[in-house]
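# Architecture at a glance
Each chain is listed here by its residues.
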Amino acid sequence: MSRGYRSYRGRASKGKIILAVILVLIIFAALGALSMQRYIVYDENGRPFFRLPDGEPEVTPPVDPPQNTEPNDLEVIIQEPEAPPLKAFSLAGGPLTLESWEAARMEAGADYNAVAVTLKDPQGNIYFDSETAVKKAVKTEEDTMVVLASVTGDAELHTIARLSCLLDPRASRTDVEGMGLKNTGGYIFYDGNYTAWLDPGKEAARAYLCGLAREIAELGFDEILLTDTGYPTQGKLDKINYNTDGPIEENLCLLWEALCTALEPYEVTLSIELPETVVAEGAENASGLVLAQAARYADRIYAVTEAERAASLSDLTLQAKAATEDQVKPFVPELAAPDSVWEGDFLLLPPSE
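The residue numbering used here restarts from 1 in each chain and proceeds along that chain's sequence as written. In keeping with the model being predicted, local features are shown solely for residues with a pLDDT of at least 70 and side-chain atom pairs are shown and tallied solely at 80 or more, while totals for entire chains, interfaces and linings include all residues. Working from all heavy atoms in the structure, the side-chain values ignore hydrogens and water.

## Focus on the overall build of the chain
Under the DSSP-based scheme used, a helix requires at least four consecutive residues in state H or I and a strand at least two consecutive residues in state E, with every element numbered from the N terminus. Secondary structure assignment for the chain yields 9 helices and 14 strands. Two residues qualify as a contact provided that any one of their heavy atoms is within 4.5 Å of a heavy atom in the partner residue. A separation of at least 24 residues holds for 70% of the contacts in the chain among residues at least 6 apart in sequence. For accessible areas, the Shrake-Rupley method is used with a probe of radius 1.4 Å. Any residue's cover is judged against the shown protein chains and nothing else. Summed over all atoms, the accessible surface of the chain reaches about 21200 Å², with 52% contributed by carbon and sulfur.

This is the structure we're talking about:
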């Protein structure tokens, strides 16, 4: 019998056997996981747990620890400290100088936290370097602008700029047709003091005042106080050409609205000075001033008065502001001297008044 070759039947090593067993177990585990996948569900917090078929006990997820049941979207209101009363003193009219500023600051003392500076007076004079001003209206000294920058840069002072509006003999005579208040005969109107006025019904007059207001805001003042915003109340009033077929107060609203729009880009408080009688009685026919309308546009209402009447005028102003559904701002009396009768905001009148 011939000798042939036989296939080799060597013995398998133990390592290979163990590896085969592990692979079989992995396969069975994977198959088991796939078969149980349909029983895995998730709770509201995204955690998985098993829900077995009907009739079999259900494996419940772990119980969450007690949660705060109070709403987490409650608005937290932080009570800000109440601002101290405004205690303002006024500088005398005329261009500001370092000497006049230091003298006024020393005389006022440390009890005051605000100052009012006249930048346009009732004669039409303008006391800062203005590119808007009509010819020969600007009156400044060599150091006026430097001192104004020092005043507005004082973080401890609230700065107020007085801006006389319609009472302006200089600008009105410079451009009678475009800006001046005229009489029914077509000529410039002069009041009982032989003074000329701007016409709030004319767009050019409004644009002139808005340009000045913007320049003042750019100087860094915190507040602009508009004075002389009504029509003349002295002289031959029946001869005034009010340049409107409607109520004359509508022209004043056009002016105030234009000023508000002009100052929108600036963080500046806009205030209006009214006669005491307008605040007390609500309106004045001759001037066209109406408290409720002024309160719509002004953040603050000022009036020259006495300390004994400040509280009642403040109440009337707050009522007018509330009627406009705007944020209520304080009434500021302009006093000849501080008085303990009134403990709220106040502004001392300029020394010349």
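## Here's the deal with the nonpolar core
Nonpolar side chains tend to gather and get buried jointly when the protein is soluble and globular. Residues belong to one nonpolar core when they are buried, are Ala, Val, Leu, Ile, Met, Phe, Trp, Tyr or Cys, and are joined through side-chain atoms within 4.5 Å. Between buried and exposed lies partly exposed: a residue is buried under 20% and exposed over 50% of the maximum accessible area for its type, with that area taken using a 1.4 Å probe on protein chains only. Y208 and I224 are the most contacted members of the largest nonpolar core, which has 75 residues in total. Per element, the largest residue contribution to this core is 8 residues, and it comes from helix α5 (residues 203-218). With near-sequence residues (within four places) excluded, I224 lies in contact with A161, L163, A213, I216, A217, L263, V268, T269, L270 and S271. Of all hydrophobic cores here, the second largest spans 9 residues; its members include A114, A116, L225 and L347.

## Some details on the pairing of strand β4 (residues 114-120)
Within β4, 7 of the 7 residues are buried, leaving the element largely enclosed by the surrounding structure. Paired strands, in this sense, are two strands between which DSSP finds at least two bridges. In this sheet, β4 lies alongside strand β3 (residues 87-90) in parallel orientation, the contact comprising 3 bridges. Residue pairing in the sheet places S90 in a bridge with A116 of β4. Handedness of the crossover is the feature at issue here: the chain leaves β3, passes through helix α2 (residues 98-108), returns alongside β4, and the resulting connection is right-handed. Note on handedness: a crossover is taken as right-handed if, strands pointing away from the viewer, the path from the first strand over the helix to the second is clockwise. Taken together, β4, helix α3 (residues 144-152) and strand β5 (residues 158-164) form a β-α-β motif whose crossover is right-handed.

## Focus: the side chain of S271
Mapping S271 onto the fold places it in strand β9 (residues 269-273). At a separation of 2.5 Å, a polar atom in the side chain of S271 contacts the side chain of E223. Ignoring anything within four residues of it in the chain, the contact list for S271 reads E223, I224, L225, L226, A298, R300 and Y302. Whenever a nitrogen or oxygen atom comes within 3.5 Å of another N or O atom, the pair is scored as a polar contact, on the condition that within protein one atom can donate a hydrogen and the other can accept it, and that pairs from neighbouring residues in sequence are kept only if both atoms are in side chains.

## Observations regarding the confidence of the model for the chain
Across the chain, pLDDT averages 86, with 77% of residues at or above 70. pLDDT measures how confident the predictor is about each residue, on a scale from 0 to 100. Every residue in residues 1-12 scores below 50 in pLDDT, and together they form 0 contacts with partners more than four places removed in sequence or on other chains.

## Here we look at helix α9 (residues 307-323)
In this model, α9 (17 residues) spans 25 Å end to end at C-alpha, consistent with the 24 Å of a helix rising 1.5 Å per residue. Along α9, the positions that sit buried rather than exposed are A307, A310, L313, S314, T317, A320 and K321. To estimate the expected span of a helix, subtract one from its residue number and multiply by 1.5 Å.

## Describing the packing of aromatic side chains
To describe a pair of aromatic rings, you give the distance between the ring centres and the angle between the ring planes. The criterion for an aromatic pair is that two Phe, Tyr or Trp rings (for Trp, the six-membered ring) have centres within 6.5 Å, with stacked assigned to planes under 30 degrees apart, edge-to-face to planes over 60 apart and tilted to the rest. Taken as a whole and assessed by the stated rule, the structure comprises 6 aromatic pairs. Aromatic pair F89 and W101: ring centres 6.4 Å apart, planes at 15°, arrangement stacked. Here F89 is found in strand β3, whereas its partner W101 is found in helix α2, with 12 residues between them in sequence. One exposure class covers both F89 and W101, and it is buried. Arranged with centres 6.2 Å apart and planes meeting at 80°, the rings of Y112 and F346 form a pair that is edge-to-face.

## Focus: α5
The terminal C-alpha atoms of α5, which comprises 16 residues, lie 22 Å apart, in line with the 22 Å expected from a rise of 1.5 Å per residue. Looking only at α5, the buried set comprises A205, R206, Y208, L209, C210, G211, L212, A213, E215, I216 and A217.

## Observations regarding the sheet that holds β9
In space, the 8 strands of this closed barrel follow the order β3-β4-β5-β7-β9-β12-β13-β14, with parallel pairing throughout. Sheet twist, expressed as the mean angle between neighbouring strand axes with direction ignored, is 25°. Relative to strand β7 (residues 223-227), β5 runs parallel, the two sharing 5 bridges. Paired with I160 across the two strands is E223, which belongs to β7. With axes taken as lines fitted to C-alpha atoms, and helix axes fitted only over the stretch in contact, angles between N-to-C directions fall between 0 and 180 degrees. Each of β12 (300-304) and β13 (331-335) is contacted by α9, which is oriented at about 155° to β13, the strand it contacts most.

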